[in-house]
Every structure is written in structure tokens, then in C-alpha cells.
Amino acid sequence: MANTLLMPKATAVWLVDNTALSFDQIAQFCGLHPLEVKAIADGESAQGIKGMDPIMTGQLSRDEIARGERDINHRLKLSEPKVRVPESKRKGPRYTPLSKRQDRPNAILWLVRNHPELKDAQISRLVGTTKSTIEQIRNRTHWNSPNLTPMDPVTLGLCSQIDLDIEVQRASHGRPPAAPTGDTLLPAAMTERLEPETGAHEEEEKELDADAVFAKLSSLKSKHEDDEDEDDFHRR
């Protein structure tokens, strides 16, 4: 776990303005060059940078500053942090246990077939292999190609489903969406502008039905009048 100074240049600005420490002492404590500290004191450097009090941040004590002001040869030391933050682990090739290394070619074949969008570097991160091995499996020039069987690396325990999803999402970013196959629904923008055609047909049918009804009534009325005239003629 490292103990490093936060914002060295801002701390140097504060020490120059608020202490009698020498340029060499401030430079040594802040990891700067003495000439750079002198430029800060002359106003030629770090303009606009607000000084940060290392006492307030708990990285330097008042007693340590006073000791340095009394002794020009004293080298300032960082105070022990109250909370230690673990160092981030350096990212390197994924370690694959010996018991699972024999399954790695099968996992590579599965990734090459099922996720062709993945780059060689992404496959290397997932299963811990080399680009040459990936190329050999992709081109079927691997020494054991006839015996390889595609197997999901997640099932084999070579990587997690989350890691696989992240790499697939990264590889697919920026790619155009796949063309739809088969019958698909029309976009909403198109369907919203379409006017229902049934309304017009219904109105026409209504008009036609009304005309037919009136025509039928007229024919019935005329027939009824003819029947009455015929009855009157027989009575006479």
C-alpha cells in the first residue's frame, strides 16, 4: 500500500506561501525540481493553482514543518495515513489454472464461432491466451484442431458471464444493428401517420344502404297504391 502526496504542486504553493522552508526541502517533499519551486515563489509558475494545506489533509504535521524550518538539512516526511487505500492491481494476462488449460482451445473455438465480433485482444483477456493461438484455431491450423469441440468459457470456468457480456458489448458498440429477418412490425412513426381506411368504406356502405332502403320503400309504396287501385276497380 502506497503513501503518496496528494496534489504535489498545490501543496508546494501552500508551503511556499505559508512556511519558511527552503526550496530544496519543498522540492524534495513534493517531488518537484528546486527551480520549479523557485518559479512558483516568483509567480512564474503554477499561476491560478490554489494552495492545498497538507496539515488539513493529514499528510504533514506542524511539528514536522517546524523541525524543517529550524534545520535546513531536515527532509520532510509524510505522516502515516489514517486510512490506507490498497493499491490497484496491475492488469495483466488472465491466469488460467493448469487443470483448465486443456479446455482453453475449446473455449477459444466457441468464442470465435459464436462471437466473431470479438477481437483477438478481447479473447486473450477472457481466457488468457495468445493471439497466435487464436489465429491458429481460427484458421484450423492448430495441432489439435480435429479434436477440438466448441465449449462455453463460462461453463468451463475460464471467465465470468459478466466479463463475457462486457467484452461482447464493447465489440458491438458502434456496429449497425442487424437487418431484420422475416415479418416484422412497422415502425411506430409509420403507423401513426396511417389513417384508418375502414371509416371511408363504412360511410360509403352506409350511404349505399340508405339509398337501397329508400328505393325499397318507394317500390313498396308504389306497389301498395297499385293494389288499392285494382281493388277499387273490382268493386265498381
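Residues numbered from 1 in each chain as written. Predicted model: local features only at pLDDT ≥ 70, side-chain atom pairs only at ≥ 80, totals over all residues. Heavy atoms only, no water.

Draft legend 1. Structural context of the overall build of the protein chain. If you tally the helices and strands in the protein chain, you get 11 helices and zero strands. Starting at the N terminus, the α and β elements of the protein chain follow one another as α-α-α-α-α-α-α-α-α-α-α. Looking at the protein chain residue by residue over its 236 residues, the buried ones come to 28%. (Helix = DSSP H or I, 4+ residues; strand = E, 2+ residues; numbered from the N terminus. Buried < 20%, exposed > 50% of the residue type's maximum accessible area, 1.4 Å probe, protein only.)

Draft legend 2. Up close: the pattern of salt bridges. Overall, the coordinates contain seven salt bridges when judged by the stated rule. Two residues, Asp 42 and Lys 38, come together in a salt bridge whose shortest N-O distance is 2.9 Å. Residue classification places Asp 42 among the partly exposed positions, given a relative accessible area of 44%. Since its relative accessible area comes to 39%, Lys 38 is described here as partly exposed. Salt bridges sharing partners connect three or more residues here, namely Asp 120, Glu 135 and Arg 138. (Salt bridge = Lys/Arg side-chain N within 4 Å of Asp/Glu carboxyl O.)

Draft legend 3. View of the side chain of Gln 59. The topology assignment puts Gln 59 in the loop between helix 3 (34–41) and helix 4 (62–70). Sequence-distant contacts of Gln 59, that is, excluding residues within four places in its chain, are made with Thr 4, Leu 5, Leu 6, Phe 29, Pro 54, Lys 77, Leu 78 and Ser 79. (Contact = heavy atoms within 4.5 Å.)

Draft legend 4. Examining unusual backbone geometry more closely. Its identity is not glycine, yet Met 7 carries a phi of approximately 50 degrees, on the positive side. Tracing the sequence through the fold places Met 7 in the segment before helix 1 (8–18). For Met 7, a relative accessible area of 52% gives the class exposed. Even without being a glycine, Arg 140 presents a positive backbone phi close to 60 degrees. If you trace the backbone, Arg 140 turns up in the loop between helix 7 (131–138) and helix 8 (153–156).

Draft legend 5. Region of interest: the environment of Lys 77. If you trace the backbone, Lys 77 turns up in the loop between helix 4 and helix 5 (104–114). Lys 77 sits in the exposed class, given a relative accessible area of 59%. Lys 77 sits 12 residues away from Ile 65 along the chain, and the two C-alpha atoms are 9.4 Å apart. Non-local contacts of Lys 77, meaning those with residues more than four positions away in its chain, are made with Phe 29, Gln 59, Leu 60 and Glu 64.

Draft legend 6. The arrangement of helix 2 (residues 23–30) in detail. For helix 2, the full list of buried residues reads Gln 25, Ile 26, Ala 27, Phe 29 and Cys 30. Tucked into the core, helix 2 has its buried residues touching helix 1, helix 3 and helix 4. With its phi angle positive at about 70 degrees, Gly 31 sits one or two positions after the end of helix 2.

Draft legend 7. The arrangement of the packing of helix 5 against helix 6 (residues 120–127) in detail. Across the interface, helix 5 lies against helix 6 with an axial gap of 11 Å and an inter-helix angle of 140 degrees. The orientation of helix 5 relative to helix 6 falls into the category oblique. Both helix 5 and helix 6 take part in a crossing whose hand is right-handed. Residues Arg 104, Ala 107, Ile 108, Leu 111 and Val 112 of helix 5 form the contact with helix 6, whose participating residues are Ile 123, Leu 126 and Val 127. Residue classes in the contact of helix 5 with helix 6 are distributed as seven nonpolar, no polar and one charged. (Axes fitted to C-alpha atoms, helices over the stretch in contact; angles between N-to-C directions. Parallel < 35°, antiparallel > 145°, perpendicular 65-115°, else oblique. Left-handed = near helix turned anticlockwise from the far one by under 90°. Nonpolar A, V, L, I, M, F, W, Y, C, P; charged D, E, K, R; others polar.)

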